Structure formats: C-alpha cells, structure tokens
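As a plain string of letters, each chain reads:
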Amino acid sequence: MCGIVGATAERRVAEILLEGLRRLEYRGYDSAGIAVLNDQGLQELRRVGKVQALAAAQEETGINGHVGIAHTRWATHGKVTKENAHPHVSSDTVAVVHNGIIENHEALRVRLQGLGYSFQSETDTEVICHLVHHELEKGHSLLDAVKATVKQLEGAYGTVIMDQREPGHLVIARSGSPLVIGLGIGENFVASDQLALLPVTREFMYLEEGDVASVTRTQIKVFDSNDKMVERQVHTSDLQYDAGGKGEYRHFMLKEIHEQPIAMRNTLEGRIDGDRIAIDAFGPQAEDIFKNIKHVQIIACGTSYHAGMVARYWLEQYAGVSCNVEIASEFRYRSSYVFPNSLFVTISQSGETADTLAALRLAKTLGYHASLTVCNVASSSMVRESDLAFLTKAGAEIGVASTKAFTTQLAGLLMLVAALGRANGVDASIEARISHALASLPNKLEEALNITAEIEALAEEFADKENSLFLGRGDQYPIAMEGALKLKEVSYIHAEAYAAGELKHGPLALIDAQMPVIVVAPNNELLEKLKSNVEEVRARGGIMYVFADKKAQFKSDDTMRVINLVHVDEIIAPILYTLPLQLLSYYVAIIKGTDVDQPRNLAKSVTVE
Ligand code: F6R
C-alpha cells in the first residue's frame, strides 16, 4: 500500500524523505510526492511514476527544508495523476499525506465546497487538508485542528499533517493504518513502516488505534482516543540486515526465494529440541490455552490463506482437531458459527492486512477461546492484539509476491499442529516426526534450490502461453493454488488451480496443446489417484510439467516434463514443493519482462479494504 515518511530536524530533510520513500516504494508505486517548509513557505513536488522521477525533480529544483512529509501512492480514489498524488495542500499552507480510505469523503467534500474550498484532486485525502485548514481558521493550534478533524472522519487513516504557521511541527493520527515515530537525537521522524527510517534511527514508538501525536525536533506527545496524554513504549528495532538492498540478486523476489533456507533456520532456531517442539514459541500462555482447544478457525488473505489451507489438512490429520479456513474479507461480513473451544488463528506476513485485522477484532467479540497470529512483523497490530503469537523470522519481505513469508508460515503452522496434537493426547511419535522433519528443512530447501537452472530453462516454454492450469491433491492442492497465484501475479499469465480430482467435472474442457498443466505430485496414497488424473490430461493432448519425488517414478516423454525434487518426509513436502513453483513464476516473469518486484496494480501489505 501507500507509504508515508515525515521528518523534523536541524538538518535538511529532503534526502531522508526520499530514501524513506525508496524503502517504502514496494508498497505502492504509481506516484510519489514531497512537501517541505522553508523560508519560502510550503513547497511541494509531485510526480507520476517511480520515486526516482521525484528524486530527479527534487535535485533539479533543489527544494528542501528542515521539516517535511512525503508519500508513495497506490491509487484507491482517483486515477494515477500528478494532481491525485500526495501531499495535498490547502490554501498553500497546510500539507497532508494519508494512507487508508476516508469513507465519508463525499459528504465532507460537499460541505467543504459549501464553505468555499475548491478541490484540485479526485482523492478522498484532500478533504483532510481542507478540514484541518478550516479548523485552523477558527483559531485552533495545529494539534487541536487535527484532533477536531479526525473526529469528523469515517474510515481508515494513517495521516501526517504540517502547517506553515507552526514550522518544525508534525501532527500525526492513526486509525486503521499503521504509523510509527522514529526517535533521533535532536530530530524525530514518522513513517508508515520502520523500514523507511532504518538509515536514521533504530528507536521506534508505535501509535495505537485512535492515537493523535504531536512531533517536533525535541518533543513527542501522544494522545489516545479519549484525548488523554499517554506514554507509548519505545522499542529498539532488531532488524538485522539492510532490508533495503538486493545484494547480488537482480530482484527482491529472487533474493527472497533464495533466502528461504536461512529464513527457515532463523524461524526454527531454539524452537525444536530433539523429539519435541517448544510450545512457548507461541507465547507464555500457549500451553494452558492449547489444552482447551478442540477446533481451529483460520483466517487470512491471499498467499497467507493458502498457508491456512495446508494447515487444515495437517491439523485434521495429525493433531486430531477440526479446522475451518476462510478468506478474511468473506468471514468479516457474514454471521459465522463459533465452535466450542475454538482457537482463532490469523496468518499474515505484515500483520496489518485490513481485512484480516478487522476479522481478528470481530472474532474478539464472538466468544472464541483465544486468538493466535502467525506473523512476520513483531511490532504489527495483529501481534499486539492477539493473545498468542508465533513470529516467523523470515526477515523483511520486500517483493510484493510473498515467498519466504509463506514457507516460514507453514513451518510455524506445522509446529502448531505438533503443539495441539500433544495437548490433545496424540501419540508422541507424531510430534517427534514433525520435529525431525522440520529440523531437516533448511538443508532440504537448500538442495531444492539446486534445480534453479532447470526451472529457468523450463520457463522458456511458457513465454508464449496465455493460460495455465495447476493441479494438486490433498495438502498439495493449496500449493497448486499458491503456484497459480504466484504465476498470475508476477507474469500476468492467467493461471487457475484445481484439486486434480475435480478435473473431470468441468476444467478438462480447457485442455489442449496450448494449455500447460503444472502438476504438484504428492508422494503418498494419493499418488496413484493423481496418476489417473495425469492420464486424463494426456489423453486430451495436454502438455504437462510434473514436480515429483524421484520415488514417484514419473517419466518424461513427449507430453510430460518431469522435474524431480529432493526426497523429504511427505509431511513437509508442501513446503518444499513451493520453491520450484516460485522459481517458475519468477523466471516466466523475467521472460515476459514484467516488473517482478512491483507487479502492476498490486501493493504489499493491503491496509485498505
Ligand atoms: C501474494 C501476496 C498476497 C498476500 C496477502 C496477505 O503473493 O503476497 O496475496 O499474501 O495480501 O498479506 P499478509 O500476509 O501481509 O496479510
């Protein structure tokens, strides 16, 4: 989604703002803008396209100042134009950047027009700057004007506002869209994600829902939703490496695919001890809570939803608890039945996805026994608002297409299976099997990446294809779904996934020589069934690409390319089989020449509905 950066300092801040935007660019990238206050008053620059276009304009104009705000935009209301890019300005004095959606913007717009304000953009955001200006005109300070403004807003916002009359002062407000304050020495910063500020500070203060804060060079004051001045804890970021860099890789996606062995090692470190997993990886109260759990309700979106689908197969087979999985945007708008002794589980890389977060908040009102999140961002709303949390330690994921977050989510979920199995009196051999299989994973993932060159060559065969079909059975069916999602989002080739047994109920009609069929083969009792499905495709002239364990004994021929994968315990096969599908999507995208890390129309961390 959109990214926000702000700074107030003794030094000039344009470069800090632009570097912050570069680091957030992966979240939203159709246009960008910056506004600063200096001796000439308020100056702003906006450009359609990448941050680089804005940086070039800043260099050309030399616009700079000791306080400023900046934004990368991913269009929600209004086309991708310079006029719709942020910051928005009212009466040449008040500037605003905003993430989220103001749902009552139309009514506010009409009211403000009645008060004489004219609008320069089609955005919902522009109402904020005019409202603040209107409140300032009543004689309020900037802080009070913002407090009065947010009371009138419905919807989601993370917003930063500055006003020419109070130079050096940023006022920020959060409801539904995250904001963090970065603490410097004699200077302070704000951003929608700490990643933006890592070059200037490691000390962060996270705003809570409903907070409004006043930030100057030397002082930070936070007010909660009841307008009470509150202290928010300062956290020191332990982000280990320069998440902003691609290292030796051409794209973040490729880097992140190759980081999976290390991400897995970090996620499992200290959490497996011989035959047992460490239940406290889910939090200090996990053991007590898990004893009461008889049902699991999983909620997530996109790739994280696919991780939840795999977990359902595992939980029912190995932990003896029933499980439902649902997409967050569906769950939150229907009346659902809450099974007794249910654990409500959210899965999210970012921990900020609007629909998943809203589902978690809803679940808290519905009588679930407890909530757990499997999440990659320790400081996220979902981690803070859940009873239990399993932190995947994948490191910052910058590529829009989720890769290492997914496989580490699966590892966390498999640990949950072992933990709930133990709590439910399942035979200890299951936990031992899971522990050993997980412990072997980092090395197995490394071995799996050895087929990179083979997949790169295979990708050539997809260059002229417009459609594709992914097939899987059992816990490999969600992996087929994930493979299809990855291919469509980064290469723009239409891809659909089916449980292989469904083929004859309709999709078989699509099969011809132009339709590549990608098969993820399990190595269990479903293998023979899958082989029959493969024959159904072969008989209709379909071309297949089969990812299979050597022992499955598929043989390449005119109609079938077999890609053999390293042998693993079938329990972790869904994790391992994800890698070649990620690589395939990546290399097909390279051939297609798409913007792999920032595919069109997409954004990382979807903090709006
Ligand atoms: C696809 C992808 C998305 C996310 C989805 C949920 O590659 O990344 O489908 O998985 O937007 O995001 P999180 O996991 O942050 O809740």
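The notes below deal with the structure included here. Each chain has its residues counted from 1, running along the sequence as written. With pLDDT at 70 or above as the cut-off, local features in this predicted model cover only qualifying residues; side-chain atom pairs require 80 or more to be listed or tallied, and sums for whole chains, interfaces and linings still use all residues. Side-chain calculation: all heavy atoms of the structure are included, whereas hydrogens and water are not.

## Section: the overall build of the chain
To keep things clear, this is the line we draw: Numbering of helices and strands starts at the N terminus; helices are DSSP runs of H or I of at least 4 residues and strands are runs of E of at least 2. To get the radius of gyration, use the C-alpha atoms; to get the globule rule, take the number of residues to the power 0.38 and multiply by 2.2 Å. Think of it in three bands: residues with accessible area under 20% of the maximum for their type are buried, residues over 50% are exposed, and the middle band is partly exposed, with areas taken using a 1.4 Å probe on protein chains only. Any two residues whose heavy atoms approach within 4.5 Å at even a single point are treated as in contact. Residue burial considers only the protein chains on display, and all accessible areas are found by Shrake-Rupley using a 1.4 Å probe. Counting rule for charge: Lys and Arg are taken as positive, Asp and Glu as negative, and neither His nor the chain ends is counted. All charge positions are set by atom: Lys at NZ, Arg at CZ, Asp at CG, Glu at CD.
Helix and strand counts for the chain come out as 18 helices and 27 strands. Whereas a compact globule of 609 residues would reach a radius of gyration of roughly 25 Å, the chain reaches 25 Å, a difference of no more than 12%. The buried share of the chain, taken over its 609 residues, is 61%. For the chain, the share of sequence-separated contacts (at least 6 apart) that also reach a separation of at least 24 residues comes to 72%. Split by element, the accessible area of the chain, about 22900 Å² in all, is 47% carbon and sulfur. Between the mean site of the 58 positive side-chain charges and the mean site of the 78 negative ones, the chain shows a separation of 1 Å.

## Some details on the sheet that holds strand E10 (residues 188–191)
Note the cut-off: Following DSSP output, two strands are said to pair if at least two bridges run between them. Every axis corresponds to a line fitted to the C-alpha atoms, with the helix fit spanning only the stretch in contact, and the corresponding angles, defined between N-to-C directions, vary from 0 to 180 degrees.
In spatial order, the strands read E3-E2-E4-E1-E10-E9-E11-E15; together these eight strands make up an open sheet with antiparallel pairing. Edge strands, defined here as strands with exactly one partner in the open sheet, are strand E3 (41–48) and strand E15 (234–236). Strand-to-strand twist across the sheet, computed as the mean angle between neighbouring axes with direction ignored, equals 20°. When strand E9 (residues 180–183) meets E10, the two strands line up antiparallel, connected through four bridges. Along E10, the bridge assignment pairs Gly182 with Phe189. Taken strand by strand, helix H1 (residues 14–24) contacts strand E1 (3–8), strand E2 (31–38), strand E4 (67–73) and E10, and its axis lies near 160° from that of E1. Strands in contact with helix H2 (residues 51–61) are E2, E3 and E4; relative to E3, the strand with the most contacts, it is inclined by about 140°.

## Quick notes on the environment of His140
Mapped onto the elements of the fold, His140 is located in the loop between helix H4 (126–137) and helix H5 (142–150). You can call His140 partly exposed: its relative accessible area is 34%. Setting aside chain neighbours within four positions, we find His140 in contact with Glu135 and Ala145.

## Here we look at the packing of aromatic side chains
Aromatic ring pairs are reported here in terms of the distance separating the ring centres and the angle at which the planes meet. Selection rule: In this scheme Phe, Tyr and Trp rings, the latter by its six-membered ring, pair at centre separations within 6.5 Å, and the angle between planes marks the pair as stacked below 30 degrees, edge-to-face above 60, and tilted otherwise.
Counted according to the given criterion, the structure contains seven aromatic pairs. Considering the side-chain rings of Phe331 and Phe344, the 5.6 Å spacing of their centres and the 45° angle between planes classify their relative orientation as tilted. Of this pair, Phe331 sits in helix H10 (residues 328–331) while Phe344 sits in strand E20 (residues 342–348), and the two are 13 residues apart along the sequence. In terms of burial, Phe331 and Phe344 fall into one category: buried. Geometrically, the ring pair formed by Tyr337 and Phe339 is edge-to-face, given 5.1 Å between the ring centres and 90° between the ring planes. Through successive ring pairs, a cluster of aromatic residues spans Phe282, Phe290 and Phe390.

## Focus: the packing of helix H9 (residues 302–319) against helix H13 (residues 404–423)
Threshold: Comment on the angle field: the value is read as roughly parallel under 35 degrees, roughly antiparallel over 145, roughly perpendicular from 65 to 115, and oblique elsewhere. In this scheme, a crossing is called left-handed if the near helix is turned counterclockwise away from the far one by less than a right angle; it is called right-handed if the turn is clockwise.
Put simply, H9 and H13 touch, their axes get as near as 9 Å, and they point 25° apart. One finds that H9 runs roughly parallel with respect to H13. For the crossing formed where H9 meets H13, the hand is right-handed. From H9, Thr303, Ser304, His306, Ala307, Gly308, Val310, Ala311, Trp314, Leu315, Tyr318 and Ala319 reach across to H13, where they touch Phe406, Gln409, Leu410, Leu413, Leu414, Val417, Leu420 and Gly421.

## A short note on the site of the ligand
Keep this limit in mind: Whether a residue is near a molecule or strand depends on its heavy atoms: it is near if one of them lies within 4 Å of it. Within 3.5 Å is the distance limit for a polar contact, defined as a pair of N or O atoms, with the added protein rule that one can donate a hydrogen and the other accept it, and that residues adjacent in sequence qualify only through two side-chain atoms.
The full set close to the ligand counts 13 residues, and Ser304, Ser348, Gln349, Thr353 and Glu489 are the nearest of them. Between the ligand and the protein, one listed contact pairs an oxygen atom with a backbone N or O atom of Thr303 at 3.1 Å. Between the ligand and the protein, one listed contact pairs an oxygen atom with a side-chain N or O atom of Ser350 at 2.7 Å. Relative to its unbound accessible area of 410 Å², the ligand is 87% covered by the protein chains. Only H9 and helix H16 (477–491) provide two or more residues apiece to the shell around the ligand.

## A short note on the sheet that holds strand E6 (residues 94–99)
Taken in spatial order, the seven strands line up as E5-E6-E7-E8-E12-E13-E14 in an open sheet, and their pairing is antiparallel. If you trace the sheet from one side to the other, it starts and ends with strand E5 (88–90) and strand E14 (229–230), each paired once. Where strand E12 (residues 212–215) meets strand E13 (residues 220–223), four bridges bridge the pair, whose relative direction is antiparallel. Note that in E13 the partner of Val212 across the bridge is Phe223.

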